[in-house]
Each structure stands twice: as structure tokens, then as C-alpha cells.
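As a plain string of letters, each chain reads:
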Amino acid sequence: MSRGQPTIEDIVLEGDARQMTALRPFLPPDYVSDAARFILGRPGAVLIVTGFYIVRAGAPETDGPPGAAALGRALRALGRDVKFVTDRFSRGVVEAVVDAGPAIEFPMASHDESEAFARDLLEAEQPGVVIAVERAGLVGDGTYRNFMGVDFTHWNAKTDYLFTHAPASVGIGDGGNEIGMGSLGAAASSTVALPAGFCVTRTDRLIVASCSNWGAYGLAAALSVATGRDLLPSVEQGHEWVRRAVDAGAVDGMSAEARDWVDGRPPEADAMCLRNLRMLLARHARGRSMT
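In this report, we go over the structure that sits alongside the text. Keep in mind that this is a model prediction, so the values were computed, not measured. (Residues numbered from 1 in each chain as written. Predicted model: local features only at pLDDT ≥ 70, side-chain atom pairs only at ≥ 80, totals over all residues. Heavy atoms only, no water.)

### Thoughts on helix 3 (residues 65–77)
Step number 1: Between the first and last C-alpha of helix 3 there are 18 Å, a value that for 13 residues agrees with the 18 Å anticipated at 1.5 Å per step.
Step number 2: With respect to burial, helix 3 is a largely interior element, ten of its 13 residues being buried.
Step number 3: For helix 3, the complete set of buried residues consists of P65, P66, G67, A68, A69, A70, L71, G72, A74 and L75.
Step number 4: Note on helix 3: the residue one or two positions beyond its end, G79, has a positive phi of about 90°. (Helix = DSSP H or I, 4+ residues; strand = E, 2+ residues; numbered from the N terminus. Expected span 1.5 Å × (residues − 1). Buried < 20%, exposed > 50% of the residue type's maximum accessible area, 1.4 Å probe, protein only.)

As C-alpha cells, then:
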């Protein structure tokens, strides 16, 4: 943790159980705030890609859509046109959580067909930036693997191609197999061992966190600091998004159980990040009022 008061980066890495803190030296010291500045410097529409399938549950997980909802709400408050992208396996959960109308469904298709769809979508939507929140990315052998190395390629659309061709991109992940982790390179990927290796898909900016929802909440907090507006959801809203996800069929990614936990954390533990980020924003507000 940084000296003095915790930073956004400190907060989103609290309770780290997957060695994500070990990747911090490979990123800018203020990597979350840096990503916020990067997004603010790329005007235009935003595509947010989310949804991570848990094979043993036959359902998507609770991590990802709540963070995507928080980020989408923050960006819409700043006047950005935001659309969400997922595949058919996660679409019901994503739509239930983000409450923004139909999500764009990326098809389950071959590499060539997926790349063509991605190019056409980017041409149609003309986004200034594309953001992934807990979205599985291709590993070196061209498959999608979970944290234990299990292949779930048949349940994950190849949304990587949106990031290959995006004008600007940000990835948010918490395990090494998510879109954006390819930005770290071989040195970083050797720091955290994964059975099938790191995702190879790169993004222009990367946020690592103990939980990808937390990384997205941290980004909303950083956007708040940068704009002087409170764009961060409440603790209660964060939990409501998780409940919506479960009601729509999502599961806790660690236990594969249909309960309002996220990555093995019960509601009170999951609330820690938003609670601490809200305290950080309160300190910033007091600091502004004294200047």
C-alpha cells in the first residue's frame, strides 16, 4: 500500500488472492487514474464488453456485469453514448444488470467471421474507446481458458477482435486470462503462473484488481476525481446489481453457486471496495472545499 492515505490502486487491490499485486510494478503507479485520463481524452461513443462463463455451473458469473453497469452509468453521466457487448451465454445477465436496453450480441463464430463482425461493428458504432470488464481473452494456443486451465472456447465469443481493431482500448481483469492482460508481456506473465498461460490480447491501458468489478468501480472513482463529479455508485447499488445478476441466472465464480457473492466474497466483504472508494472521494471533496 502507498504511504499515507490509500490510493485508488491500493483500494482495488485489497484482499488480493490471485497475485495481481505482483503485476503492479509492470504498470504505471497511478494506472487506474491513468486509464481514466486516457478515456476522457478519447471522445465519442463507448463499447463495454463483459460476461464470463463458468463451465461447471453452466452460467455466467457475478463478476463483470455490475462493474460494467457502474462504468456505463458514469460515462453516460459525462455525456457519452454507451453500448454493451456480450455473447448469447451472458446476454440475459448483462441486460438484467446494466438496464440499458438490448445488449449487442457478438456471435459464436470462427476467427475469420468474428474478425469481420468486429470490424463491421466498429465501423457502425464508431467508438472512441472499447472497454473490457472481466471478459475472457485468447491464450497462446488460440483457446479460452479459465483460471484452472479448463477450455471453455465453446462458450465464449471471440470479442478479442474488437480490441485488435479498436481505435483505443482499456482492459480490466483480476486473474491473467482476461482481455488486456497481453499488454503485460512475457516478464509479467511469468510472475503469475496460470495453467494455460496469460491472455495474449492487448489493450492500450490495463487495470488489474482483486476483482474486476472493483477495477471498474475504481475507474468510476478515478473519473469522478478527474471531472470533479461523483460518478461512483453507492454500496447499496453495487449489491443491487449483484442481486440482479443472480436473479437472471448468474453464479459466484468461485463456488459456482447461485448466491449474491462475487469471486468468493460475501456481500459485506464485497462492499469493502465501494465503501473505501467513497471515503476516498469524500477526502478529495474536502480537499477541494479547502482550496
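What follows picks up the thread again.
### A short note on unusual backbone geometry
Among all residues except glycine, the phi angle is most often negative; among peptide bonds, the trans geometry is most common.
Step number 1: Backbone geometry at D99 places phi at a positive 50°, although glycine is not the residue there.
Step number 2: Here D99 shows up in the loop between helix 4 (91–98) and strand 5 (104–105).
Step number 3: The class of D99 is exposed, set by a relative accessible area of 60%.

### Quick word on the pattern of salt bridges
Step number 1: In the structure shown here, the tally under the stated rule is 17 salt bridges.
Step number 2: Between R205 and D34 there is a salt bridge, with its nearest N and O atoms 2.8 Å apart. With R205 in strand 8 (residues 205–208) and D34 in helix 2 (residues 31–40), this residue pair connects regions lying 171 residues apart in the sequence.
Step number 3: On the accessibility criterion, R205 (27% relative accessible area) is partly exposed.
Step number 4: Residue D34 is classed as buried on the basis of its relative accessible area of 17%.
Step number 5: With its nearest N and O atoms 2.6 Å apart, the salt bridge here joins E240 to R243. Residue E240 and its partner R243 are located together in helix 9 (residues 235–247), separated by three residues, close to a single helical turn.
Step number 6: On the basis of relative accessibility, which here comes to 26%, the residue E240 falls in the partly exposed class.
Step number 7: Here the salt bridges do not stand alone but share partners, grouping D30, D34, R37 and R205 into one network. (Salt bridge = Lys/Arg side-chain N within 4 Å of Asp/Glu carboxyl O.)

Honestly, that's just the spatial picture; any functional story needs more than this.
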